[in-house]
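# Residue-level structure breakdown
One letter stands for each residue in the lines below.
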Amino acid sequence: MGHYELMMETHAKRQLDVDVLIAGGGVAGAAAAAALSPLGLKILIVEPKSSHGRRLAGELIHPPGIDALKQLGLLDEDCTIGAEIRGFTIFPFDADNEHEDYVSLPYSEVEGLNHGGMAIEHQVLKDHLLERVKDFPRVDVLMGCRVSQILPSDQKNTYQAVVTDDSGETLINARLIIGADGPMSQVRKLTGISHETHRYSGMLGVEVDDTHLPTPGFGNIFLNPLGISYAYSVTKGRARVMFEILRGDDSKESVREHLKFFPRAFREDIEKAMAQEKPLAAANYRIVPKSAVHGNVALLGDARGCCHPLTASGITTAVKDAINLRDALIDTQFDVQQALRRYAISAGRVQLTRRTLSEELREAFLSHTNEAKLLNQCIFSYWRNNPKGRAHSLALLSTLDSSIVSMGIQFLMVVLQAFRLLPAQFRDGNLGHWCLSLVKLAYKSLTIPQTAFQHWLRERHALAD
Ligand SMILES: Cc1cc2nc3c(=O)[nH]c(=O)nc-3n(C[C@H](O)[C@H](O)[C@H](O)COP(=O)(O)OP(=O)(O)OC[C@H]3O[C@@H](n4cnc5c(N)ncnc54)[C@H](O)[C@@H]3O)c2cc1C
């Protein structure tokens, strides 16, 4: 660290050679540095924020993400900075305001997951990871600096980066440049990788006493037509509560409505906390970049793409991206261009499955169409009646299974539940709606393999550019 600071202060025309430049000291940046340090590479992380301020963002980490963080040496076996999460409890929308019929998706039902996940307050997590990675061999971290330019270098299809801080600019020559700079990635923009963006909604979050958390030890998810709310312990005695605020909705009014569906004692705790503390705010985006790589630049974590936080898989995916990139570099003996092609394919598959899953679940939970309502009922019927179905769903949610084919099969299995619901639909005189909705859902289940194929073609096309 001292070495780089000195160079940046004393050289009039500053240049620096490293093996890997990482833009962003968040989860993806820290994980990338931890993954690549054992390969003997000289790594520089640049992070604009001198210290991470409080921010509403990812905190729930699925077991594969915890395993990956431990494997990278970023979390200890007996880690005490967060709270254990044993799975999820989902409270369906219930206009009568009863909460007995929630569904549990415990990790213990999933083959291959032999421990729980964790929730760690976002700032605590980021600070912990960055502090930890600073001690890795050959890793330097420059705070208060940002990547401000990406320039073509003398070598074909290779870029250099300019890093800016208060004292000026430094040209960085790196064999590999990693954009781990979040959903609004500058590296992505400066490299000319286009992307599609959709802003779903906003999110408000507070920290409260966790005494009355409805299902302690689980990620509690409350569904209602105004959006999805989440509640889970983040450390001993404290819980995070987040409310989704749909576009155009008044946030105070929306929170009031969300709270009507919370158990009374917990609702009162939340109201007390909200009266004392200004909630943190965030936005929920879907961002799909055209490619994950270009030349010697690779995008990781949210820079590589993000989706609605419903699946709570952003952190786990960011850490997996780092591991996928490391493995691609090892397999190709550090042939950067070839390694990045491999990385783009593996990371793209994980991303496609989690994005498709989050979109389908969000549609089923929030859309008001007849087929979405039927899909919603089918999902709960599947989860209530089929332990294997629960396990498959949680394997997909947790990224343990990141195959789009598995997702397509599960979607079909869920849709088949419609036949279980047929007698009730018949009784209620909904047969017409049921038939039409079933046809639409059956058609949709065919579009999942089609989406996968289109994705594959797009990825090939982007890599050929
Ligand atoms: C409301 C909400 C709830 C969520 N809940 C969950 C959850 O429960 N579980 C989960 O797994 N995920 C969740 N996510 C997603 C999760 O927060 C992200 O996937 C994760 O934080 C991505 O980490 P990252 O390192 O890629 O990006 P970030 O955490 O955004 O880090 C990017 C870093 O890059 C730095 N940077 C920016 N510009 C530059 C530049 N020009 N040069 C250098 N550095 C730069 C930034 O300062 C920042 O530190 C949630 C997201 C939201 C919005």
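Being a predicted model, the structure only gives us computed values, none of them experimental.

Reading the values: the criteria
Residues numbered from 1 in each chain as written. Predicted model: local features only at pLDDT ≥ 70, side-chain atom pairs only at ≥ 80, totals over all residues. Heavy atoms only, no water. Domains from an automatic or database assignment. Contact = heavy atoms within 4.5 Å. Buried area = accessible area lost by both parts, 1.4 Å probe. Phe/Tyr/Trp six-rings, centres within 6.5 Å; stacked < 30°, edge-to-face > 60°. Helix = DSSP H or I, 4+ residues; strand = E, 2+ residues; numbered from the N terminus. Buried < 20%, exposed > 50% of the residue type's maximum accessible area, 1.4 Å probe, protein only. Pairing = 2+ DSSP bridges. 1 Å grid on protein atoms, 1.4 Å probe; cavity = no way out; pocket = protein on both sides within 12 Å on 5 of 7 lines; lining within 4 Å. Points joined across faces, edges and corners; volume = space filled by probe spheres on them. Nonpolar A, V, L, I, M, F, W, Y, C, P; charged D, E, K, R; others polar. Near = heavy atom within 4 Å. Polar contact = N/O pair within 3.5 Å; in protein donor to acceptor, adjacent residues only side chain to side chain. Areas by Shrake-Rupley, 256 points an atom, 1.4 Å probe, with all protein chains shown as cover.

What follows covers the domain arrangement of the chain. Partitioning the chain into domains gives domain 1 (2-62 + 122-193 + 290-350), domain 2 (83-116 + 197-285) and domain 3 (367-464). Summarising the inter-unit geometry, the C-alpha centres of domain 2 and domain 3 are found 24 Å apart. Facing 15 residues of domain 2, the contacting portion of domain 3 comprises 12 residues. Looking at the side of domain 2 facing domain 3, the largest losses of area belong to Val-103, Leu-105 and Glu-109, adding up to 45% of the total buried there.

With that settled, the discussion passes to the packing of aromatic side chains. Taken as a whole and judged by the stated rule, the model has 10 aromatic pairs. Taking the centre distance of 5.0 Å and the plane angle of 45° together, the rings of Phe-91 and Tyr-102 count as tilted. Of this pair, Phe-91 sits in strand β5 (residues 87-91) while Tyr-102 sits in the loop between β5 and β6 (103-106); the two residues are 11 residues apart in sequence, bridging distant segments of the chain. Residue Phe-91 is classed as buried on the basis of its relative accessible area of 3%.

What follows deals with the sheet that holds strand β3 (residues 60-61). Backbone-to-backbone hydrogen bonds pair the strands of a sheet. The strands run either parallel or antiparallel. Reading across the sheet, the three strands line up as β3-β7-β4 and stay open at both edges, with antiparallel pairing between neighbours. With one partner strand each, in any of the chains shown, β3 and β4 (83-85) form the two edges of the open sheet. Relative to strand β7 (residues 117-119), β3 runs antiparallel, the two sharing two bridges. Considered in β7, the bridge of Leu-60 is made with Ala-119.

Tracing the backbone shows Ala-174 in strand β11 (residues 168-179). Note on Ala-174: relative accessible area 9%, which makes it buried. Taking the C-alpha atoms as reference points, Ala-174 and Ile-22, 152 residues apart in sequence, are found 9.6 Å from one another. Once residues lying within four places of it in the same chain are set aside, the contact partners of Ala-174 are Val-18, Asp-19, Val-20, Leu-21, Tyr-159 and Asn-296.

The next subject is empty space enclosed by the protein. One pass over the structure, following the stated rule, counts three cavities of 30 Å³ or more. By volume, the largest cavity amounts to about 200 Å³. Every residue lining the largest cavity is counted, 14 residues in all, and those nearest its centre are Leu-357, Leu-361, Ile-379, Ser-393 and Val-414. Mapped onto the lining of the largest cavity, the elements with two or more residues apiece are α9 (336-366), α10 (370-385), α11 (387-397) and α12 (404-416). In terms of residue class, the lining of the largest cavity is built from 11 nonpolar, two polar and one charged. Looking at the second largest cavity, its volume works out to about 110 Å³. Lining the second largest cavity are His-62, Phe-88, Ile-90, Leu-105, Ile-221, Leu-310, Thr-311, Ala-312, Leu-361, Phe-365, Trp-383 and Leu-397. Elements supplying a minimum of two residues to the lining of the second largest cavity: β5 and α9. Looking at side-chain class alone, the lining of the second largest cavity contains 10 nonpolar, two polar and no charged residues. Counting contributing residues, the lining of the second largest cavity receives three or more from each of domain 1 (2-62 + 122-193 + 290-350) and domain 2 (83-116 + 197-285).

Neighbouring residues of the ligand: 36 residues in total, closest Glu-47, Gly-58, Leu-60, Asp-302 and Ile-315. For the ligand, an oxygen atom lies 3.1 Å from a polar atom in the backbone of Val-27. Take Lys-126: an N or O atom from its side chain is 3.3 Å from an oxygen atom of the ligand. In isolation the ligand exposes 1000 Å². Once the protein is present, 92% of that is buried.

Our next topic: the pairing of strand β8 (residues 139-143). Within β8, four of the five residues are buried, which leaves it mostly tucked inside the rest of the structure. Note: strand β2 (residues 43-47) against β8, five bridges, orientation parallel. Residue Ile-43 lies in a different strand from β8, and its bridge partner there is Val-139.

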